[in-house]
Amino acid sequence: VAAMLRPGRTLALRARLAAPLPRTTAAALGRRHNQQATADSGKYDPLDSTRRRLIYRSKQRGWLEIDIMLGNWASARLKDMGEVELEQFDQIIEMENPDLYKWLTGQTEVPAEVENPLLRTLCAELKAEYEPKATVKSTMGFEGKVWE
């Protein structure tokens, strides 16, 4: 360190530190560092960008339970849907979380004034998927005090 601070070397060190570092770009390396889809990723199907947007929004609603239910269902089913079904799913995404949670979990029925056949299909499929898990009985007996 003391050798670096000698008057003759100070100017050379300052010049070396002030020089810009060589930049290596992703193009120079021949690979992409970014995992995002390219801008032309919709070239195979014009609805791909809509599907990706809907899947993202169904997994990022803010309620963990709804994120899991809607996100898993959307990831499995949206790839086979046409434009009409995708519009219906977009309407589902725009619904309020408390109402949607009650409908998806079967706490209440979907009201008749909600005209969305895909919502009814979604609720029926989720009920069929989760019903066997909810009816499994415990193998252990209850040996505790009942709170009064």
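Residues numbered from 1 in each chain as written. Predicted model: local features only at pLDDT ≥ 70, side-chain atom pairs only at ≥ 80, totals over all residues. Heavy atoms only, no water.

What follows deals with the packing of aromatic side chains. Taken as a whole, this structure holds two aromatic pairs when the rule is applied. Ring centres of Trp-63 and Tyr-101 lie 5.9 Å apart, and the angle between their planes is 65°; this geometry places the pair in the edge-to-face category. One end of the pair, Trp-63, is in the loop between α3 (48-59) and α4 (64-77); the other, Tyr-101, is in helix α6 (residues 97-104), and 38 residues separate them in sequence. When its relative accessible area of 24% is taken as the criterion, Tyr-101 is described as partly exposed. With 5.8 Å between their ring centres and 25° between their planes, Trp-73 and Phe-89 make a pair best called stacked. A residue pair is termed long-range when its members are at least 10 positions apart, and Trp-73 in helix α4 and Phe-89 in helix α5 (residues 83-93) qualify at 16 residues. Comparing Trp-73 with Phe-89, the two get one shared label, buried. (Phe/Tyr/Trp six-rings, centres within 6.5 Å; stacked < 30°, edge-to-face > 60°. Helix = DSSP H or I, 4+ residues; strand = E, 2+ residues; numbered from the N terminus. Buried < 20%, exposed > 50% of the residue type's maximum accessible area, 1.4 Å probe, protein only.)

We now examine the nonpolar core. Residues Leu-70, Phe-89, Leu-100 and Leu-119 are the most contacted members of the largest nonpolar core, which totals 24 residues. When contributions to this core are tallied by element, the ones reaching two or more residues are α4, α5, α6 and α7 (117-134). With sequence-adjacent residues up to four places away left out, Leu-100 is seen in contact with Arg-61, Ile-66, Leu-70, Ile-92, Met-95 and Leu-119. (Core = buried A, V, L, I, M, F, W, Y, C linked by side-chain atoms within 4.5 Å. Contact = heavy atoms within 4.5 Å.)

A separate point is the side chain of Asn-116. Take Asn-116: it is sitting in the loop between α6 and α7. In terms of polar contacts, Asn-116 uses its side chain to reach the backbone carbonyl oxygen of Gln-88, at 3.0 Å. With near-sequence residues (within four places) excluded, Asn-116 lies in contact with Gln-88, Gln-91, Ile-92 and Met-95. (Polar contact = N/O pair within 3.5 Å; in protein donor to acceptor, adjacent residues only side chain to side chain.)

Here we come to the confidence of the model for the protein. Averaged over every residue, the pLDDT of the protein is 80; the share at 70 or more is 59%. The spread of mean pLDDT over the elements of the protein runs between helix α2 (residues 26-29), the lowest at 54, and α5, the highest at 96. (pLDDT = per-residue confidence, 0-100.)

Moving on to the pattern of salt bridges. Side-chain pairs of opposite charge can arise where the charged atoms are in close proximity. Taken as a whole and judged by the stated rule, the model has six salt bridges. The shortest N-O distance in the salt bridge between Arg-51 and Asp-48 comes to 3.4 Å. One end of the pair is Arg-51 and the other is Asp-48, both in helix α3 and three residues apart, which spans about a single turn. Under the relative-accessibility criterion, Arg-51 is labelled buried at 9%. The residue Arg-77 makes a salt bridge to Glu-125 at a minimum N-O spacing of 3.0 Å. With a gap of 48 residues between them, Arg-77 in helix α4 and Glu-125 in helix α7 connect regions that are remote in the sequence. Residues joined by salt bridges that share partners form a network here, namely Arg-53, Arg-57, Asp-90 and Glu-94. (Salt bridge = Lys/Arg side-chain N within 4 Å of Asp/Glu carboxyl O.)

Attention now goes to the packing of α3 against α4. In helix packing, the relevant descriptors are the interaxial angle and the interaxial distance, both defined with respect to the helix axes. In the contact formed by α3 and α4, the axes pass within 7 Å of each other and the chain directions differ by 160°. As summarised for this structure, α3 and α4 are arranged roughly antiparallel, according to the angle between their axes. Here α3 contributes Ile-55, Ser-58 and Lys-59 to the contact with α4, which in turn contributes Ile-66, Asp-67, Leu-70, Gly-71, Ala-74 and Ser-75. (Axes fitted to C-alpha atoms, helices over the stretch in contact; angles between N-to-C directions. Parallel < 35°, antiparallel > 145°, perpendicular 65-115°, else oblique.)

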